Amino acid sequence: MHLGRLLFGLLSTHPRTARQNLAIDVRSIWISYRHARPQLNINKMASVGISRDDEHSADDIINNNNEKEVEGDAGPEDIRGQVNTVVTDTGAHSKKILKRESRKKKRKRAGSGGRVDSEEDAETRKKKKPIQRPNYFISIPITSSQISSAVSMVQEAMLEQEPRLAKAMIPVPTLHITLLVTHLANQEQVDMAAAVLAQVEASLAELLAGADLVLPFSGVTHFRNEVVFVGLTPGLHRHTLQSLADLLRGRFEELGLLQGDGRGFEPHLTIMKLSKAPKLRSQGIKRVDPALYSNYTSRFFGNQTVERLDLCSMLKKKQEDGYYHTETSLQLGGRRRSEPDEAELLRISKRLVEDAVNRALQQYKQETLQNGGGPNVPTEDTATKKDMTPDAATDARK
């Protein structure tokens, strides 16, 4: 029998004096019922319209009725209204608890790999694939010595004001424009990505129509005051570069090689980013003050002719020239890779001179060790050679 109706029936069908005593008995029965069934599950409690959170409600009603009976104010209608209120409130609260428990069970079942809740949920789970951290990217390397020199100047000016940003600076030899980033899980996918570059050569040649793609860079700005970069000036070249990036992205998507959030392509030349030095946050540097580069917000940095596209690794060891490890390259136009510019010739000359000096020093050290001393310390052999005059030679023969 519904407990609420039982209370109502007992309290409304007895005289006033008897109801006072009966209320005490009913309260005792209710307390005994609570203690006798401590493990009563939520479904059974809902079936009688009572939840654990509302167990005190029945006690409150009985106490209120006892007080009113003593004062002579309570009547059947008062009792009926209060009991109905308890039944209504308790039932509504129990339904909320049941819904909450049902949602918890669904989440637990889905999280433990159990049966999915519906076909729609199953389709959603199938479509969602874990996004791997990017480890490869296609880039346009910066080979212009004018741009590299200007970037170095900006970085040095910023470090003079805030030396702690040193580890957040992008090394000049790695300067590049990113066309897309992706995750290549194995060598097979790397080979597929390299094949894509070879396959799009004809399409890119048609897009460029035999002309060089020249990118002018001007002005230093930022993304959320966390990434500082040199912007690409407006013009038709932006549209051509966008088409080039879209072509590559489309081919990678066709082969299932592209992973990412699909954000719009925004060409830029990064010169500093806080994510390279996460410890800066603990030092209180969470944003880059634009005042550090305010003198370069409208400066022209130079033109970069797109000479090639590189498939680069983010994780493999960098090359001897400081640039990223390159799996393959696609030559587009302008100066070929086999034709070094003035800056590259200068670097090669310096390296050759340094190698020659190092070899001479190494040879000198070896000779010094073999002779047992420095150049000003005569050895026994050298003294003998110096004394080998005609008379000394005769004495030696004797």
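All of the points below concern the structure found in this document. (Residues numbered from 1 in each chain as written. Predicted model: local features only at pLDDT ≥ 70, side-chain atom pairs only at ≥ 80, totals over all residues. Heavy atoms only, no water.)

Observations regarding a nonpolar patch on the surface
Judged by side-chain polarity, Val181, Met314 and Leu315 come together as a nonpolar surface patch covering roughly 270 Å² of accessible area. Tracing the sequence through the fold places Leu315 in the loop between β7 (308-313) and β8 (325-331). The exposure class assigned to Leu315 is exposed, which follows from its relative accessible area of 70%. (Patch = residues over 30% accessible without salt bridge, like charges linked within 9 Å, V, L, I, M, F, W, Y side chains within 5 Å. Areas by Shrake-Rupley, 256 points an atom, 1.4 Å probe, with all protein chains shown as cover. Salt bridge = Lys/Arg side-chain N within 4 Å of Asp/Glu carboxyl O. Helix = DSSP H or I, 4+ residues; strand = E, 2+ residues; numbered from the N terminus. Buried < 20%, exposed > 50% of the residue type's maximum accessible area, 1.4 Å probe, protein only.)

As for the packing of helix α8 (residues 187-199) against helix α10 (residues 236-254)
When two helices pack together, their arrangement is given by the angle between the helix axes and the distance between those axes. Packing of α8 against α10 brings their axes to within 10 Å, and their N-to-C directions diverge by 135°. In terms of orientation, α8 lies oblique with respect to α10. α8 and α10 meet at a crossing whose hand is right-handed. Note on element contacts: α10 touches α8 through Leu248, Arg251 and Phe252, opposite Ala193, Val196, Leu197 and Gln199. A class-by-class count of the residues in the contact of α8 with α10 yields five nonpolar, one polar and one charged. (Axes fitted to C-alpha atoms, helices over the stretch in contact; angles between N-to-C directions. Parallel < 35°, antiparallel > 145°, perpendicular 65-115°, else oblique. Left-handed = near helix turned anticlockwise from the far one by under 90°. Contact = heavy atoms within 4.5 Å. Nonpolar A, V, L, I, M, F, W, Y, C, P; charged D, E, K, R; others polar.)

Topic: the pattern of salt bridges
Scanning the entire structure with this criterion turns up six salt bridges. Between Glu162 and Arg164 there is a salt bridge; the shortest N-O distance is 3.0 Å. Its relative accessible area of 18% is what places Glu162 among the buried residues. For Glu327, the salt bridge identified is with Lys316, shortest N-O distance 2.8 Å. With a gap of 11 residues between them, Glu327 in strand β8 and Lys316 in the loop between β7 and β8 connect regions that are remote in the sequence. With a relative accessible area of 25%, Glu327 lands in the partly exposed category.

Quick notes on the sheet that holds β7
With respect to topology, four strands assemble into an open sheet ordered β2-β1-β7-β8, the strand pairing being antiparallel. Because the sheet does not close on itself, it has two edges, and the strands there are β2 (176-182) and β8. On average, each strand axis in the sheet is inclined to that of its neighbour by 25°, with strand direction left out of account. With six bridges connecting them, β7 and β8 associate as antiparallel partners. Bridging from a neighbouring strand, Asp310 pairs with Ser329 of β8. Along the sheet, α10 contacts β1 (136-141), β2 and β7; its crossing angle with β2, the most-contacted strand, is approximately 25°. (Pairing = 2+ DSSP bridges.)

Concerning the sheet that holds strand β6 (residues 300-305)
In spatial order, the strands read β5-β4-β3-β6; together these four strands make up an open sheet with antiparallel pairing. Each of the sheet's edge strands pairs with one partner strand only, and the pair in question is β5 (268-273) and β6. The mean inter-strand angle of the sheet, taken between neighbouring strand axes irrespective of direction, is 30°. In terms of strand pairing, strand β4 (residues 227-232) meets β5 through five bridges, oriented antiparallel.

Any link to function would need more than the numbers given here.
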